[in-house]
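Architecture at a glance
Residue strings, one per chain:
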Amino acid sequence: MLRIAVPNKGSLSEAACEMLHEAGYRQRKDRELLVADPASGAELFFLRPRDIATYVGSGRLDVGITGRDLLLDSGAHAEEIMALGFARSTFRFAGRPGTGSTIEDLAGLRVASSYTGVVQAHLAAAGVHAEVVKLDGAVEIAIELGVADVIADVVETGTTLRQMGLELIGSPILHSEAVLVRRRGAEPDPAVEQFLRRMQGVLVARRYVLMDYDVRAERLEDAVAVTPGLESPTISPLHTEGWVAVRSMVLREDAQRIMDDLWGLGARAILVTDIRACRL
Ligand SMILES: Nc1ncnc2c1ncn2[C@@H]1O[C@H](COP(=O)(O)OP(=O)(O)OP(=O)(O)O)[C@@H](O)[C@H]1O
Ligand SMILES: O=P(O)(O)OC[C@H]1O[C@H](OP(=O)(O)OP(=O)(O)O)[C@H](O)[C@@H]1O
Ligand SMILES: [Mg+2]
């Protein structure tokens, strides 16, 4: 049985569960901590996101979904094996206007964060000595409440910083998103490989659409240049002489532009279909 660690709450939880569902795994009912999915050969463990790298690093669980920032902060013996494209954020220093503009300006100040591992490593790498104050959350209010001069926290839209009248200091400490993690140096495992193919299939199905269209045979090469597909498009003869049907995968974000280009080449009956699942 493949043992998978899944975030049970917070920003990662819903999107992680959605992705596993799309990959064919059983959904959690109520607030179960353990869901057996024998049909998929897996057991899902619903854990605090911050603990997931620790469990996977210990080797007790085979693979987990967590944030890159949480993985780095944990110092666990685990490594990122696939980026999942959701819960994207940056991790930044911020302070009241005038506090500073570079990391060197933080020397001697108190820095509040929930990610003390990441912050301490980053300050040490820059050779900056500052006191790190550990908080559990709502870190942006720490300056207002007088326990810190600077914060280091997750920034997505920047709304929370603006609400508290804080400004960014220095460049991003890291760029984070949800990731799959595995124990460092773990042996190759067919069950993990199969899980990765399922998850990769979801990423591809989200990123690409299928495009079908009919085009005159003499314009086929021009059309194929617009829709080369991942390997090569499928070409089928049409009953009407001189026309062919083409099927190709295209990036979802490019679909409308490609349809415009194909139309300009005389293509007609251009159809776009979602991909529900795939293995490439
Ligand atoms: N606003 C956000 N946008 C994108 N990602 C976020 C956001 N807030 C937190 N994350 C990401 O979620 C992960 C942290 O999840 P965690 O559940 O510990 O915290 P949380 O989402 O803030 O939940 P909590 O309500 O427990 O504070 C990290 O990888 C972090 O980068
Ligand atoms: O840049 P923004 O779009 O404002 O998002 C970033 C905020 O979102 C998260 O907070 P959350 O609501 O999870 O509360 P927390 O600080 O208690 O974790 C994170 O910790 C930041 O505070
Ligand atoms: Mg939070």
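Note that the structure is a prediction, hence the values are computed from the model and not measured. (Residues numbered from 1 in each chain as written. Chains lettered and ligands numbered in written order. Predicted model: local features only at pLDDT ≥ 70, side-chain atom pairs only at ≥ 80, totals over all residues.)

On to the site of ligand 2, then. The immediate surroundings of ligand 2 are formed by 13 residues, with Gly137, Glu156, Thr157, Thr159 and Thr160 found nearest. Of all the elements, strand β9 (residues 150-155) adds the most residues to the shell around ligand 2, at 3 residues. Of the residues assigned to the shell around ligand 2, the class counts are 4 nonpolar, 6 polar and 3 charged. (Near = placed C-beta within 6 Å. Helix = DSSP H or I, 4+ residues; strand = E, 2+ residues; numbered from the N terminus. Nonpolar A, V, L, I, M, F, W, Y, C, P; charged D, E, K, R; others polar.)

Attention now moves to the UniProt feature "domain: ATP phosphoribosyltransferase catalytic" (unreviewed entry) in the protein chain. Following the UniProt record, one finds the feature "domain: ATP phosphoribosyltransferase catalytic" (unreviewed entry) at residues 48-201. Within residues 48-201, the helical portion is 29% and the strand portion 31%, while the C-alpha atoms at the span's ends are 26 Å from each other. (UniProt positions renumbered as here; feature names shortened; annotations may be inferred.)

Before going further, it helps to examine the pairing of strand β13 (residues 234-237). Bridge count between β13 and strand β14 (residues 243-251): 4 bridges; the pairing is antiparallel. From the neighbouring strand, Ser236 faces β14, where its bridge partner is Ala245. (Pairing = 2+ DSSP bridges.)

We now examine the UniProt feature "domain: Histidine biosynthesis HisG C-terminal" (unreviewed entry) in the protein chain. As annotated by UniProt and renumbered to match this structure, "domain: Histidine biosynthesis HisG C-terminal" (unreviewed entry) occupies residues 205-276. Note that residues 205-276 is 28% helix and 40% strand, and that its end C-alpha atoms are spaced 6 Å apart.

Moving on: helix α1 (residues 13-22). Quick reminder: α-helices carry 3.6 residues per turn. Residues three or four places apart thus point the same way. Taken as a whole, α1 has its buried residues at Ala16, Met19 and Leu20. Buried positions in α1, seen along its axis, are confined to an arc of 100° and lie on one side of it. Looking at the buried residues of α1, the elements they touch are β1 (2-7), β4 (63-67), β11 (178-183) and α6 (190-207). (Buried ≥ 20, exposed ≤ 12 C-beta atoms within 10 Å, placed from the backbone. Arc of directions from axis to C-beta. Contact = placed C-beta atoms within 7 Å.)

Attention shifts here to the sheet that holds strand β7 (residues 110-113). Across the sheet, which stays open at both edges, the 5 strands sit in the order β8-β7-β9-β6-β10 with mixed pairing between neighbours. Two strands in the sheet have a free side with no partner beyond their single neighbour: β8 (131-134) and β10 (167-176). Strand-to-strand twist in this sheet, taken as the mean axis angle between neighbours without regard to direction, amounts to 25°. For strand β6 (residues 89-95) and β10, the ladder comprises 6 bridges, and the chain directions are antiparallel. Note on β10: the bridge partner recorded for Ser89 is Ser176. Sheet strands in contact with helix α4 (residues 116-126) are β6, β7, β8, β9 and β10, and its direction is about 170° off that of β8. (Axes fitted to C-alpha atoms, helices over the stretch in contact; angles between N-to-C directions.)

Now for the site of ligand 1. Around ligand 1, 15 residues are found, and the nearest of them are Gly10, Ser11, Gly67, Ser89 and Glu156. Contributions of two or more residues to the shell around ligand 1 are made by α2 (49-58) and α3 (68-74). Its residues assigned to classes, the shell around ligand 1 comprises 5 nonpolar, 6 polar and 4 charged. Counting contributing residues, the shell around ligand 1 receives three or more from each of domain 1 (2-87 + 177-187) and domain 2 (89-175). (Domains from an automatic or database assignment.)

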